[in-house]
Amino acid sequence: MALTAQQESLIVNSWDMLKNDSADHGLKFFLKIFSAAPAATALFSYLKDSKVPLDQNPKLKTHATIVFVMIGESAIQLRKTGKAMDESDLKHLGAVHFKFGVLHEHFQVAKKALLETIKEGAGELWSPALSNAWGVAYDHLVASIESQIK
Ligand code: ISQ
């Protein structure tokens, strides 16, 4: 299902605010995933030999920021273009997730973590409708990535 105009404006308004703290939200998003699925830390080479705690790892923060911004920008461009992501970016993301054997249930763990992060970050802008709109956009992105994997 595509985004409605109302869902789009909920996303645009909240992203305007959330993107200003992308690094903190991104890190929080990743930490939530790792607390739900500790084995996921093994996917990141830069975490393996690291002695610093996860929440103080600068490489993790940088990577988490990139992923969080990518998800946000994907939601923003969905209504503009009808696509969650450019073909070439999608091919790359499909290949990476295929390589690591990512399954649908992993994406669901990340969805829960993302929606919790947005709830904590959106403050007064948060509503069930906002959460639902982000969920719809996220599902589009995941469906696009999964279409590359299958
Ligand atoms: C894969 N893609 C996005 C975020 C992630 C967080 C933790 C583990 C794997 C991930």
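Residues numbered from 1 in each chain as written. Predicted model: local features only at pLDDT ≥ 70, side-chain atom pairs only at ≥ 80, totals over all residues. Heavy atoms only, no water.

S.K.: Would you explain the site of the ligand in this entry?
M.R.: As a structural note, the neighbourhood of the ligand is formed by Phe30, Ile33, Phe34, Ala40, Leu43, Phe44, Val67 and His97. For the ligand, whose unbound accessible area comes to 270 Å², protein coverage reaches 79%. At three residues, the largest contribution of residues to the shell around the ligand is made by helix α2 (residues 22-36). Among the residues forming the shell around the ligand, the class breakdown is seven nonpolar, one polar and no charged. (Near = heavy atom within 4 Å. Areas by Shrake-Rupley, 256 points an atom, 1.4 Å probe, with all protein chains shown as cover. Helix = DSSP H or I, 4+ residues; strand = E, 2+ residues; numbered from the N terminus. Nonpolar A, V, L, I, M, F, W, Y, C, P; charged D, E, K, R; others polar.)

S.K.: Just to check I follow, could you spell out helix α4 (residues 58-81) for this structure?
M.R.: Think of an α-helix as 3.6 residues a turn; residues three or four steps apart then line up on the same face. Along its 24 residues, α4 runs 34 Å from first to last C-alpha, staying within 8% of the 34 Å computed at 1.5 Å per residue. Against α1 (5-18), α2, α3 (45-48), α6 (104-122) and α7 (128-149) lie the buried residues of α4. N-capping of α4 is provided by Asn57, with a side-chain oxygen placed 2.9 Å from the backbone N of Lys59. Remark: Gly82 follows α4 within two positions and exhibits a positive phi of approximately 80 degrees. (Expected span 1.5 Å × (residues − 1). Contact = heavy atoms within 4.5 Å. Polar contact = N/O pair within 3.5 Å; in protein donor to acceptor, adjacent residues only side chain to side chain.)

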